[in-house]
Amino acid sequence: MKNKFYITTPIYYANAQPHIGHAYTTVATDALARFYKLQKTKTFFLTGMDEHGAKIAQKAKEESKKPQELVNEVSDDFKKLWQELDIEYDNFIRTTNPEHKKAIQVSLQTLYDKGVIYKGEYEGLYCVGCEQFKNESDLVDGKCPDHNVEPEVMKEESYMMKMDERQTELIQKIESDDFKIRPEKYKKEILSFLKNNELEDLSISRKNVNWGIPLPFDETHTAYVWFDALLNYLTGLGWNGDVNKIPDFWPANIQMLGKDILRVHATIWPIMLMHLGIELPKQLFVHGHILSDGKKMSKTIGNVISIDEMLEKFGTDGTRYLLLSAGTFGEDIDITIERMVEKYNADLANGLGNLVSRVVKLSENIDFSNIERKIYDPIQWNKMFIESLWFDKALERIWSHLVQKSNKYIEETKPWELAKSSKKEFEKVMEKLVEDLYFIAQLLESFMPETSIKIKQQLETGKKEILFERIK
Ligand code: MSP
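Thresholds, definitions, all that
- Residues numbered from 1 in each chain as written.
- Predicted model: local features only at pLDDT ≥ 70, side-chain atom pairs only at ≥ 80, totals over all residues.
- Heavy atoms only, no water.
- Near = heavy atom within 4 Å.
- Polar contact = N/O pair within 3.5 Å; in protein donor to acceptor, adjacent residues only side chain to side chain.
- Areas by Shrake-Rupley, 256 points an atom, 1.4 Å probe, with all protein chains shown as cover.
- Helix = DSSP H or I, 4+ residues; strand = E, 2+ residues; numbered from the N terminus.
- Nonpolar A, V, L, I, M, F, W, Y, C, P; charged D, E, K, R; others polar.
- Axes fitted to C-alpha atoms, helices over the stretch in contact; angles between N-to-C directions.
- Parallel < 35°, antiparallel > 145°, perpendicular 65-115°, else oblique.
- Left-handed = near helix turned anticlockwise from the far one by under 90°.
- Contact = heavy atoms within 4.5 Å.
- Phe/Tyr/Trp six-rings, centres within 6.5 Å; stacked < 30°, edge-to-face > 60°.
- Buried < 20%, exposed > 50% of the residue type's maximum accessible area, 1.4 Å probe, protein only.
- Lys NZ or Arg CZ within 6 Å of the ring centre and 35° of its normal.
- Disulfide = S-S within 2.5 Å.
- Domains from an automatic or database assignment.
- Buried area = accessible area lost by both parts, 1.4 Å probe.
- Salt bridge = Lys/Arg side-chain N within 4 Å of Asp/Glu carboxyl O.

(A) The arrangement of the site of the ligand in detail. In the vicinity of the ligand lie 22 residues, with Ile11, Asp50, Gly258, Asp260 and Ile290 positioned nearest. Side-chain polar atom of Asp50 to a nitrogen atom of the ligand: 2.7 Å apart, as the coordinates give it. Gly258 places a main-chain nitrogen or oxygen 2.8 Å from an oxygen atom of the ligand. Calculation on the ligand without its partners gives an accessible area of 670 Å², and the protein chains cover 90% of this total. Secondary-structure elements contributing two or more residues to the shell around the ligand are strand 2 (12-13), helix 1 (20-38), helix 7 (225-230), helix 8 (232-235) and strand 13 (254-258). In terms of residues, the shell around the ligand owes the most to one element, helix 7, which gives three residues. In the shell around the ligand, the residues fall into 11 nonpolar, nine polar and two charged.

What follows is the structure in C-alpha cells.
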C-alpha cells in the first residue's frame, strides 16, 4: 500500500491500573497518528493489552480472580483512560482474543515445521516483572534493576527458538537503517550489544505457566508471553498467521516503545519476523522514562503522580499538552506537579486561554466571514517538527511565535482604544489577531484536538467559554 502510515504503541500489561508512563507513549502516538490523518495519509494506529503470562496469573491469584476476569477489568480501565485522553486508535488488540491466539498457534507451527523451534531445556534466570530472561551482566547487586528483585532460577524443559543464525543479518539491517532505531543513541546501544554478545537461543515456551496460549505441537507447554505479545503488531491488523497473506498496512512505519523494552523489540521481534519471512518494521522509536522529581516513581518514595490526578487538575487537553511539552521525546523527562501547575497557568490559562477570550470578546461585533488564513499551511508549518517527533519543540514554537506574540500585539496596539478612535485601524488589528488565532487552532489539531475545535467554534460563533481555568 502506498502513502500509508502504520503506527503502534506497545501493548500494556493487564495486571495493574494504567499510569502516566502508559499515557505518555499513547498520547505521543496519538498526536503523530492524527498528524498523518490530517495529511490524508491512510493511517492505522494500533494499541492494546498484553494479557497472558506469569505476571498476570500471579496478580489474579492475589486478587482471588480468574485471570480472564482481571484482564477484562484492566482492559476496560485502559479503554476508559484512552477515551478521557481523546485517543483516536483504529484498533485495540487484546492477546486473549481468539483470533489472536489462533494466529500465534499458526506461527508457532510454521516455525516448528521449519525446524527453527526445537525441544530443549532452558536453564537460567528469569524476572517475572520483566517477563524476561536475564544474564548475570543485566543485574545490579544480583537484582533486576527495573524491579529491584532477585530473578528466579529456572530449569525446565522448553521449546527453543534459534537466534544466532540471524545475528549477522540483524546487525547489517540495523547498521544500514533498513531497520531503523531512533534516537541514534539507542541504535548505537543495540549495535554494541549485538556485536559484543552472541545471542543465545530463546526459550519460547513455559511448562509451568498455564495462563497462556498452548503450543499446537505440545499442549503441555504455553507460548512465552513475549512471543505471543510481539505478534500483536500483525494480528492487530487482522493477520491470521498465514505468512502468504500479510496485511496491507504492514510493515509498521513507526513502533513506539520505552527504553526498558528496546532489547526485546530489537532482537527477539526482528528475528521472529526473519524466521517467518516477514518484512521488518521500518522504525522503532524509543522514548525515555518519566521521572518524578528526579526519581523513578515509586509508592515507597511517595512520588507517584497519577494520570487521574493530572486529568482532574488539567483536563484532557491540559494533560496532553503537559505530557507532550515536558521535555525532548526520547530523553528521560522529569516532572513535578508544582512545575506542571506553573506551566499550565503560564501557557494555557494566561497564554492561550487569555488570548482566546480577549480576541473573541474584542471581535464580538465584527463580521469576519472569511477568517481562514491563506498565507501559511498549518501542515507544512508543523511537518518537520512533528515528523521528527520533536513534540516539545513544535509546541514551543507555536507558543513563542504565535501565542505570546499575539498577546503582546494586543497589549501594544490596545484594540479597545482603537475601537473608539479609528474603526478601520481597529478592524485591521482584529483581522490579524483572528487570522493568527485561527492558525493557532489549526496548528494544535493533532496535539489538543478538542481545544482546536473549541477555538474555531468560538471564533465562528462568538460563543464565549473559558478554555483553561487558572489553578490557584
Ligand atoms: N507488555 C509489555 C510490552 C509488550 S509490547 C509487545 C510492557 N508493558 S508495560 O505496561 O510494562 O509498559 C509498556 C510501556 O510503558 C513501555 O514502553 C514502557 O517503557 C512504558 N512505561 C512504563 N513506565 C514508564 C515511565 N515511567 N515513563 C515512560 N514510559 C514508561 O512492557
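(B) Expanded view of the packing of helix 13 (residues 378-387) against helix 14 (residues 391-413). In contact at an axis separation of 7 Å, helix 13 and helix 14 are set at 150 degrees when each is read in the N-to-C sense. Viewed along their axes, helix 13 and helix 14 adopt a mutual orientation that is roughly antiparallel. Here helix 13 runs over helix 14; the crossing is right-handed. Note on element contacts: helix 14 touches helix 13 through Phe391, Lys393, Ala394, Arg397, Ile398, His401 and Leu402, opposite Trp381, Asn382, Phe385 and Ile386. Its residues assigned to classes, the contact of helix 13 with helix 14 comprises seven nonpolar, two polar and two charged.

(C) Quick peek at the packing of aromatic side chains. For the structure on display, the rule yields 26 aromatic pairs. Seen from their ring centres, Tyr12 and Trp82 are 5.9 Å apart, and the 55 degrees between their planes marks the pair as tilted. Of this pair, Tyr12 sits in strand 2 while Trp82 sits in helix 3 (residues 67-84); the two residues are 70 residues apart in sequence, bridging distant segments of the chain. By the burial criterion, Tyr12 is buried, and Trp82 matches it. Among the aromatic residues, ring-to-ring pairing joins Tyr6, Phe44, Tyr233, Phe249, Trp250 and Trp269 into one connected group. For Arg206, the ring lying beneath its charged end belongs to Tyr126, and the centroid distance is 4.6 Å. Taking the ring centre of Trp390 as reference, the NZ or CZ of Lys393 above it sits at 5.2 Å.

(D) Main features of the state of the cysteines. Taken as a whole and judged by the stated rule, the model has zero disulfides. In this structure Cys127 is not part of a disulfide, and its nearest cysteine sulfur, from Cys130, lies 3.8 Å away. Note on Cys127: relative accessible area 1%, which makes it buried. With no disulfide of its own, Cys130 lies 3.7 Å from the sulfur of Cys144, the closest cysteine sulfur. Overall, Cys130 belongs to the buried group, its relative accessible area being 8%.

(E) Representation of the domain arrangement of the chain. By the assigned domains, the chain splits into domain 1 (4-288) and domain 2 (337-461). Between the C-alpha centres of domain 1 and domain 2 there is a distance of 42 Å. At the interface, 12 residues of domain 1 touch 12 residues of domain 2. Summing both partners gives a buried area of about 1200 Å² for domain 1 against domain 2, and 74% of it is carried by carbon and sulfur. Summed over the shared surface of domain 1 and domain 2, the result is zero salt bridges. Taken together, the links from domain 1 to domain 2 amount to two residue pairs in polar contact (both at pLDDT 80 or more). Within the residue set of the side of domain 1 that touches domain 2, elements represented by two or more residues are helix 1 and strand 13. When residues in the side of domain 1 that touches domain 2 are grouped by element, the largest group, seven residues, is from helix 1.

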